[in-house]
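Architecture and fold: a report
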Amino acid sequence: MSIEKGKISNQQLLFLVAGFVLGSVLLVDFTVGITEHQTWMVILAGLAITAPVILSYVVLAKKFPGMNLVQINDMVYGRFLGKVISIYYIFFFSMTLSFNIRDVGELYITFLMQDTPFIFFLIVFTATCAYAVSKGIEVLARVSHLFVVSGLFVIVSAFTLLIDQMDFSNFLPFFELPFIRIFQGIHIVSVIPYGETVVFLMIMGCLNKTDHAVKKTFSGLLIGAVSLLIVAVRNTAVLGRTQTIWTSTSFQSIRLINIGTVLTRMDFLIGIAQTILIFFKCSLFFYALVVALSQLFGLKSYLPLVLPLAGIEVIIAATVFQSPVDHAMITLNAGIIYSAPLIFVFPPLSLLIAKIRGLPKLERGKGI
Amino acid sequence: MGKEMKFSVMSLTLFFFLSIALSGCLGAREINDLEIVIGMGVDKEKDSEDILLTAQVVKVDAAGGGSGNSSDGGGSKAFWNVSSKGSSIFDAVREMTHKTGNRLFISHNQAVIFGNDLAAEGLQDYIDFFLRAHEMRPTALILIAEKKASDLMDAKSETEKYPAMNIAKFVENYGYTSHFYKVNMKDFASCLMSGTTAPLVPLLSIVEEKEGKDIYVSGMVAIKNGKMVGKLNHDEVRGVLWVLDKVESGVITVSSPNEQGKAVLEIIKAKSKVKPELKDGKIVMNIKIKEESSLSEQTTTENLANDKALKKLQENSAEVIRQEIMAAFDKSRDLKADFFRFGEMLHKKYHKEWKALKDKWDEIYPTIELKIEIDTKIIKTDLLNKPVSPSD
Amino acid sequence: MFGYILKKIRYLSLKNKYMLQNTQPGENNSEPISPVLEINLEAIKSILHESSDVTIHEFNFGHERKNRGALIFINSITDKEEIHKNILQPLMYDVLLLKNAVGMDFNDIDTIRKNLISMTDNKKVAMLNDLLDSLLAGAAILLINGSKEALAIKSVKIKSRSIEEPGTEAVVRGPREGFVENVNENIALIRRKIKDTDLCVEKYVIGEKSKTDVCIVYLKSVANPKVIEEIRIRLKRIKTEAILESGYIEQFIEDCPYSVFPTVSNSEKPDKVAAKILEGRVAILVDGTPFVLVVPMVFIESFQSVEDYYARPFFASVIRIIRFLSYIISTLGPAIYVALTVFHQELIPTQLLISIAEGREKVPFPAILEAFLMLFAFDLLREAGVRLPKPVGQTVGIVGALVLGEASVQAGLISPIMVIVVSATAIASFAVPAQTDSGTVLRYIYLVLAGIAGGFGVIMGLLATLLHLASLRSFGTPYLWPIVPLDTAGLKDVFIRMPLWTLSKRPKAITWDSYDSYNQSPDLMPSPYNKDNNDPK
């Protein structure tokens, strides 16, 4: 028996995935320091490399309809090992969530509201996420298209407003950087926006029909990837060489908007877009975290866990790093290493084992 | 449903109070408490390592007074130039609060003017604050004063209340002459980061008039390795802008076909393309310029509105453009300052070879050869078909 | 733990309510009517505490005046003339004209009913409390000595207001009629718009003491039976003393009582209610008020006006977009101003910032307090203006605008830009009447959020509002339909109003049909005459 009773449609899955990937717009900035003007390639290459892995997620979810990741793990790896792997996943969800919460705080503390205490943003933001999670996945899925549409609107309008300042020769020379840096960039991109979609294994169990899940997931992924691409292209074309020095590339490029000295100072555009997109991403992670944990403990409802976990996440987010530099260093080095097996190894492995053991059929007759 | 509702209401209230209790005052600042800075000047302090920072602050009550009566009083200025010394710019900014009482608010800073001494000694060390400070915007203009930056700050324009705004306005409108162009903090930083490019920065001069001081842009200054190395006059700057594809409009004066008077052309559209070529260690820059202009004035009675005359004018204007470019290029060769950004262009096309070239760019640069191809067109003659002349 | 405490409190309060109900009188009177007239009369007199407006008329009738009867009615609510003419006169005199009256037993209520009473709306009652209910609802009660039943003859006389244009929903183009206080007349107004056999009226009597008539009206073939069943259940649940206005019903049946957003819409206009019934909604008419409730309600409905459909689509679309904008301004205006001027001054264009700074130079309060003062003054003026008699109300407006606005700016207490912001907010708040209440509450909430945390607070507030709205339902229909969940067919009539001939499907969320429900033929696009007919020759 699954904890969540809400149902989501295939169409909503598309927007959920798109919104989730869009939630990583801020993280394009991470890779810029490494991959400079070749970031756009990295985003495309990352998608190409991650596509088969994501396919395995969807196939796995289709194989075990109505089940979430924790249940699948229990079934595939047995009670004990399954629990261990689930705990690993929960750790990953929790860490990623707190990193993302911290991102919002850093965004505000650096750019928009410098004099406000850092902890305030964390608390209020996490509280709002908790509110969203307490409403259930159905509500989040139903509003997902609004997040995607507003995110796209900001991204496209910022691109249009900056078109006169773009210098496309900034993309030249095409292949300059050493391959090791490109590889590093691809690794980051394939983990952070794309690979993190492993979180959907906690959500796809709620699908009412799994017929078009693959198509919809990949359409959503494509929307997200194209948006990331637009952002990366915009930043490189507008900022050129200087894009590597800023703490937030996107922010600086938006600050350059100047249409006839009337349309200036549009920082709020990116502020709003990034806040709501990261909010969406964080809510999904938060949801996955609470559901996974309550499934692990065998609770009937996940609601009692929301508040305590929100508190824990705020504390982690507030204390885990000293500064944005620290944050970037750890995420780029340790973060993507420890999460790699969760993203690239376990889901395909589960699929393989399930196939060998012929699992879901056997259990379906018993369970439901 | 009811359970969820209660739960969410509870969690929200709890977090709301918790957050307020934990964070206390949340950093609100009323507009009354801000000193709105609209311009900044940085000078070198004599005989010391310190710098002198001059900030132009909006004087709020004198500025308009709501009903607008005070503006014709003329007596009081709408701005206040505060200056302070410090070992660094940020030090000076904070030092200034001793005088202003409130903290400076520099988000609306339009322009940063560096004094001549400072520019000669090196800007590299002072540019960081203007990019790093969260209140500074990358669109702030960077300018260099012919003498001291602080002298420029109180030259009052007759139509604009604030000198800094006036400067920003005329720099913003450089396109009418294309005798200089605006450089903002981001562009300047970008040039400094390339390693080979020598950025140009507009140079502000003062001319004494009967009614006071007027400021104008007398040319541009070339900065190499963060230091000021030379000055370019208006024509030379336009020579650079032709190559950089930054000419918007402007005036080209050529002699008329019969050499008796002048014809004045206004640039309507200009487009340029540079193709670097690297052959056997020899660098050739192929510059293609397409220009369209209109006949705006003539000082002879000769009828210029015919094929033959226009063709001649087109040739003459092409020649003028070529001369401007060559003058600028000669200057850059003398200064060994790559303000044409040829280095970047080479890098983009030949990035493998570039690594070797980069280190000895100063020696290679003067050997660059230019191949200029100019295509000019006169597309209209404005309101007159014929000049005002006794009919024959 | 808090949840547990809350639950306990709620349980206790519920218990108290039930106890109250059990002690109420009413059940004790359910004894049968006695065949002896005097006993009945005594009982009725004592129950009604010998009220002065109760008329008890005893009389003898029949050929030999041997039969005794009594007529009881409340003279304040019944039509005396009708009673005399159609009850007393036939009983006492017309009966003499009956030729074969000898065989008739005038002690039998059915004989009298069938032969003598010339009024249609009558029914037999056998229990004392039914008798009293009818009596209080305006019936004349005919008691016959020797009969175990009484006859309740309805003869209500109510002075009804004439049908006028409703004050709350004036239109430029459209019918000028509005509902009145009489529920029967209101049903008549709807019947006149929808002359269809499908139109159903169900009557309920709600209120222990008020015994108010509540009618639900719907189109049987279109309305979703689940919604109707849900309404029935919710109406039957109501156990209260009195229903004085439809607002009582609204508050007892709404889906989310903790929400600032209304989930039941109301209207005074028959054409609007008829249009909604035709879409498949259910109207709830309450006697004694011209405000008719309609469920289910969706958020978008608040931005649609009947005139949108009477005007041509272009103008209607422009006006609708303006309504959306004005709702945004009315809820967010002061909040955005405060967030910008207190937290995000770098986002204001330089010239504007200097102007604002000039205006605020002498203002001694923080911007948030300034905004609160102005909004408070505005709400004060509005409230005072509404409550006062009309001529005085206008004076309040003038005094408020002149003295409070002009003088406070002159005195430097309020900055002129704040006056502009608040007055723009005030004007905008009247453009969407259905959401004025929610707008006012939200305006203060967002203002507080902006004062505490600037733009961040406002964004978080908006997100929470969005999630709340998305989770709201009105009788099963998602409140934000067709935006959340997305229904592209429904979007034709949201931000812009597509031409009428394209709106051929009923809203899916209301009818809940799995198949499309058409209200008109889908090929109604107007085109000129047939070319053959149009031939000039």
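Everything quoted here is computed from the prediction, not taken from an experiment. (Residues numbered from 1 in each chain as written. Chains lettered and ligands numbered in written order. Predicted model: local features only at pLDDT ≥ 70, side-chain atom pairs only at ≥ 80, totals over all residues.)

A look at the overall build of chain A
- Secondary structure summary: chain A contains 14 helices and two strands in total.
- Relative to a compact globule of 368 residues, whose C-alpha radius of gyration would be 21 Å, chain A shows 20 Å and is just as compact.
- C-alpha atoms of chain A, sized along the principal axes, occupy 70 × 45 × 35 Å.
- Counting across all 368 residues of chain A, residues that qualify as buried make up 57%.
- Residue pairs at least 24 apart in sequence account for 85% of intrachain contacts in chain A once pairs closer than 6 positions are excluded. (Helix = DSSP H or I, 4+ residues; strand = E, 2+ residues; numbered from the N terminus. Rg over C-alpha atoms; globule rule 2.2 N^0.38 Å. Buried ≥ 20, exposed ≤ 12 C-beta atoms within 10 Å, placed from the backbone. Contact = placed C-beta atoms within 7 Å.)

Observations regarding the overall build of chain B
- A count of helices and strands for chain B gives 14 helices and 13 strands.
- Within chain B, buried positions represent 39% of all 392 residues.
- Looking at chain B alone, contacts between residues at least 24 apart form 71% of all its contacts between residues at least 6 apart.

As for the sheet that holds strand 10 (residues 292-295) of chain C
Residues and elements named next belong to chain C.
- An order of 6-7-9-10-8 is seen for the five strands of this open sheet, with the pairing classed as antiparallel. Strand pairing shows two members of the sheet lacking a second neighbour, strand 6 (199-206) and strand 8 (265-267), which therefore form its edges. Adjacent strand axes in the sheet meet at a mean angle of 25 degrees when their direction is disregarded. (Pairing = 2+ DSSP bridges. Axes fitted to C-alpha atoms, helices over the stretch in contact; angles between N-to-C directions.)

Things to note about the domain arrangement of chain B
Residues and elements named next belong to chain B.
- Looking at the assigned domains, one finds that chain B contains domain 1 (31-232) and domain 2 (235-392).
- Domain 1 and domain 2 are separated by 32 Å when their C-alpha centres are compared.
- In this assembly, 20 residues from domain 1 lie in contact with 22 residues from domain 2.
- At the level of elements, strand 8 (212-224) and strand 9 (227-232) are the ones that each hand at least two residues to the side of domain 1 that touches domain 2.
- Of the residues forming the side of domain 1 that touches domain 2, the biggest block, four residues, is contributed by strand 8.
- Its residues assigned to classes, the side of domain 1 that touches domain 2 shows nine nonpolar, ten polar and one charged. (Domains from an automatic or database assignment. Nonpolar A, V, L, I, M, F, W, Y, C, P; charged D, E, K, R; others polar.)

Some details on the environment of Lys231(B)
Residues and elements named next belong to chain B.
- Along the chain, Lys-231 falls in strand 9.
- Each C-alpha atom of the pair Lys-231 and Leu-304 lies 37 Å from the other, and the pair is 73 residues apart in sequence.
- In this view, Lys-231 contacts Leu-203, Gly-219 and Val-221; residues no more than four positions away in its chain are not counted.

Some points on the pairing of strand 10 (residues 250-255) of chain B
Residues and elements named next belong to chain B.
- Across six bridges, strand 10 lies against strand 11 (residues 262-279) in antiparallel orientation. In the strand pairing of strand 11, Val-251 is matched with Glu-266.
- Linkage of strand 10 to strand 11, two consecutive antiparallel strands, is achieved through a turn of six residues, within which Glu-259 is found at a positive phi near 65 degrees.

A look at the packing of helix 11 (residues 313-342) of chain C against helix 16 (residues 436-471) of chain C
Residue and element names in this part refer to chain C.
- Between helix 11 and helix 16, the least distance of the axes is 8 Å, while the angle of their chain directions is 30 degrees. The angle between helix 11 and helix 16 falls in the class roughly parallel. The handedness of the crossing between helix 11 and helix 16 comes out as right-handed. Residues Tyr-327, Ser-330, Thr-331, Leu-332, Pro-334, Ala-335, Ile-336, Val-338, Ala-339 and Val-342 of helix 11 form the contact with helix 16, whose own contacting residues are Gly-439, Leu-442, Arg-443, Tyr-446, Leu-447, Leu-449, Ala-450, Gly-451, Gly-454, Gly-455 and Val-458.
- In terms of residue class, the contact of helix 11 with helix 16 is made up of 14 nonpolar, six polar and one charged. (Parallel < 35°, antiparallel > 145°, perpendicular 65-115°, else oblique. Left-handed = near helix turned anticlockwise from the far one by under 90°.)

Notes on helix 5 (residues 128-136) of chain C
Residues and elements named next belong to chain C.
- Of all the residues in helix 5, the buried ones are Leu-128, Leu-131, Leu-132, Ser-134 and Leu-135. One side of helix 5 holds all its buried residues, which, seen down the axis, span an arc of 165 degrees.
- The secondary structure elements touched by the buried residues of helix 5 are helix 2 (37-47), strand 2 (67-74), strand 3 (122-125), strand 4 (139-144) and strand 5 (150-154).
- In the segment just after helix 5, Gly-138 is the residue with positive phi, at about 110 degrees. (Arc of directions from axis to C-beta.)

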